[in-house]
Amino acid sequence: MNHFICCLIFCLLLAGCNNKRVENTKELSNEIKASKIVRVTNTQLIYTVDEWGKKISKLAQKSLDEALTKNPEKAGELCKNLSQIPIIGALEKEYGVKISLLSAGDTKNPGLDKKEQELLDAYLYSAKNNSPLSDNVQPLNDTLVVYNLPADPKICKACLGDQIPSFALWRLLFDKKEVLRKVDVKKLKD
């Protein structure tokens, strides 16, 4: 009888244990890793955003081009809501970035930061004067950094039609907190 009670207690103890702790351990370790204090200089942050921006914009441009080739009738819808394209949606989620296309009409967009409107005006002026256009990284405030890159002329034509000037600008809006969370500090350049 005594042996039976001991076995019963042991079984109850085993039943009380579960492997949920093992599942939580991975989530917990990721959260601890993300909350560690890291020292990243502003230069390193800008360099990282520039590097990621080049990579993301290249993939986004390629995936938008493919989507427009497959569904040219949906060009307006796809160009306005880029996250409908699976690859772009995945990039937004993976890097914690907001990807959009800006056009000449966005120079007065109240949803854009004043710095971004000025930058868009400068890009537009250069496009009208056939000056070479290049990518750009700008800190907007304490929490946001924007990466801009002129879109491929083929995408401009598909998204904007015969609008003159045929000009579109990739806008990748990074949250500094997300960049710091996802960056590998050991790989940063000084």
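Residues numbered from 1 in each chain as written. Predicted model: local features only at pLDDT ≥ 70, side-chain atom pairs only at ≥ 80, totals over all residues. Heavy atoms only, no water.

Help me understand the side chain of N136 in this model?
Note that N136 resides in strand 2 (residues 136–139). Here the side chain of N136 touches Q138 through a polar contact of 3.3 Å, side chain to side chain. Once residues lying within four places of it in the same chain are set aside, the contact partners of N136 are L119, Y123, V146, Y147 and N148. (Helix = DSSP H or I, 4+ residues; strand = E, 2+ residues; numbered from the N terminus. Polar contact = N/O pair within 3.5 Å; in protein donor to acceptor, adjacent residues only side chain to side chain. Contact = heavy atoms within 4.5 Å.)

Would you explain the packing of aromatic side chains in this entry?
For any pair of aromatic rings, the description rests on two quantities: the centre-to-centre distance and the angle between the ring planes. This model, assessed by the stated rule, comprises 2 aromatic pairs. When the ring of W52 is compared with that of F174, the centres are 6.4 Å apart and the planes differ by 45°; the resulting orientation is tilted. You can see W52 sitting in helix 3 (residues 42–70) and its partner F174 sitting in strand 4 (residues 168–175), a full 122 residues away along the chain. Residue W52 shares its accessibility class with F174, and that shared class is buried. An aromatic cluster of three or more residues is present, and its members are W52, Y95 and F174. (Phe/Tyr/Trp six-rings, centres within 6.5 Å; stacked < 30°, edge-to-face > 60°. Buried < 20%, exposed > 50% of the residue type's maximum accessible area, 1.4 Å probe, protein only.)

Honestly, the packing of helix 3 against helix 7 (residues 153–160) in this entry has me stumped. Any pointers?
Axes are the key here: two packed helices are described by the angle between their axes and the distance separating the axes. Look at helix 3 against helix 7: their axes get within 10 Å of each other, and the N-to-C directions meet at 50°. Considered as vectors, helix 3 and helix 7 are oriented oblique to each other. Crossing of helix 3 over helix 7 shows left-handed handedness. Facing Q61, L64, D65, L68 and T69 of helix 3, the residues of helix 7 in contact are K154, I155, A158 and C159. Considered class by class, the residues forming the contact of helix 3 with helix 7 number 5 nonpolar, 2 polar and 2 charged. (Axes fitted to C-alpha atoms, helices over the stretch in contact; angles between N-to-C directions. Parallel < 35°, antiparallel > 145°, perpendicular 65-115°, else oblique. Left-handed = near helix turned anticlockwise from the far one by under 90°. Nonpolar A, V, L, I, M, F, W, Y, C, P; charged D, E, K, R; others polar.)

Would you explain the pairing of strand 2 in this entry?
Put simply, side chains in a regular strand alternate between the two faces of the sheet. In this structure, strand 2 lies alongside strand 3 (residues 144–150), joined through 4 bridges in antiparallel fashion. The residue bridging V137 from the neighbouring strand is Y147, located in strand 3. The turn joining strand 2 and strand 3, which pair antiparallel and follow one another in sequence, is formed by 4 residues. (Pairing = 2+ DSSP bridges.)

What is the right way to look at a nonpolar patch on the surface in this model?
A cluster of nonpolar side chains, F4, I5 and I9, forms an exposed patch at the surface whose accessible area comes to about 310 Å². Structurally, the position occupied by I9 is in helix 1 (residues 2–16). The exposure class of I9 is partly exposed, given its relative accessible area of 48%. (Patch = residues over 30% accessible without salt bridge, like charges linked within 9 Å, V, L, I, M, F, W, Y side chains within 5 Å. Areas by Shrake-Rupley, 256 points an atom, 1.4 Å probe, with all protein chains shown as cover. Salt bridge = Lys/Arg side-chain N within 4 Å of Asp/Glu carboxyl O.)

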